[in-house]
Amino acid sequence: MEKIKGLDNNWIIEDNSLKRNFVFQDFVETFHFMEKVAKQAEKMNHHPSWSNTYNKLQIILSTHDIGGISELDFKLAKKIDSIFINK
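Asks: Hey, could you run me through the side chain of Asp81 in this one?
Replies: Structurally, Asp81 is set in helix H2 (residues 71-85). Once residues within four sequence positions are removed from consideration, Asp81 is found in contact with Leu7, Asp8, Trp11 and Arg20.

Okay, here's the thing in structure tokens:
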């Protein structure tokens, strides 16, 4: 998909989803980032699947209604990139 080129290079397409792993200094920094992403996701009414262990976070974006990646996933991924850059 061409649209992935507009995202940070750490995003990959796998299993009909956009995926990215993040590493932070500690759990608190990870949690603050997750909170910012959660607020943006709620505004967009598009919620990620994610997994967190201490300072590591994996985010998976997929639109379940279509069984794959939609424009909304790319938009949320861009917002997540922006949140990460400005953390």
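Asks: Would you mind showing me how to read the nonpolar core here?
Replies: Within the largest apolar cluster, 20 residues are counted, with the highest numbers of intra-cluster contacts made by Trp11, Leu18, Phe33, Ile59, Leu61 and Ile80. Those elements giving two or more residues to this core turn out to be strand E2 (17-23), helix H1 (27-44), strand E4 (56-61) and H2.

Asks: Which parts of the structure should I look at to understand the sheet that holds strand E1 (residues 12-14)?
Replies: Strand pairing in a sheet relies on backbone hydrogen bonds, with the paired strands running either antiparallel or parallel. Here we have four strands laid out as an open sheet, ordered E1-E2-E4-E3, and antiparallel in their pairing. Each end of this open sheet is capped by a strand with a single partner; those strands are E1 and strand E3 (49-53). Recorded for the sheet is a direction-independent mean angle of 25 degrees between the axes of neighbouring strands. Sheet topology note: the E1/E2 ladder contains three bridges and is antiparallel. For Glu14, the partnering residue across the bridge sits in E2 and is Ser17. The sheet contacts of H1 involve E2, E3 and E4, and relative to E3 the element is tilted by about 165 degrees. Set on the sheet, H2 makes contact with E2 and E4; between it and E2 the angle comes to about 10 degrees.

Asks: Got a minute to help me understand the packing of H1 against H2 in this structure?
Replies: For any two helices packed against each other, one specifies the crossing angle of their axes together with the interaxial distance. Running from N to C, H1 and H2 point in directions that differ by 145 degrees, and their axes come no closer than 10 Å. The interaxial crossing formed by H1 with H2 has right-handed handedness. Two secondary-structure elements touch here, H1 through Phe33, Lys36, Val37, Gln40, Ala41 and Met44 and H2 through Leu72, Lys75, Leu76, Lys79, Ile80, Ile83 and Phe84. Class assignment for the residues of the contact of H1 with H2 results in nine nonpolar, one polar and three charged.

Asks: Where do I start with H2 in this structure?
Replies: In an α-helix, one full turn covers 3.6 residues, which means residues spaced three or four apart are oriented alike. Between its terminal C-alpha atoms H2 stretches 21 Å, which fits the 21 Å expected from 15 residues at 1.5 Å a residue. Those residues of H2 not exposed but buried are Asp73, Phe74, Leu76, Ala77, Ile80, Asp81 and Ile83. Where H2 is buried, its residues touch E2, H1 and E4.

About the criteria used
Residues numbered from 1 in each chain as written. Predicted model: local features only at pLDDT ≥ 70, side-chain atom pairs only at ≥ 80, totals over all residues. Heavy atoms only, no water. Helix = DSSP H or I, 4+ residues; strand = E, 2+ residues; numbered from the N terminus. Contact = heavy atoms within 4.5 Å. Core = buried A, V, L, I, M, F, W, Y, C linked by side-chain atoms within 4.5 Å. Buried < 20%, exposed > 50% of the residue type's maximum accessible area, 1.4 Å probe, protein only. Pairing = 2+ DSSP bridges. Axes fitted to C-alpha atoms, helices over the stretch in contact; angles between N-to-C directions. Left-handed = near helix turned anticlockwise from the far one by under 90°. Nonpolar A, V, L, I, M, F, W, Y, C, P; charged D, E, K, R; others polar. Expected span 1.5 Å × (residues − 1).

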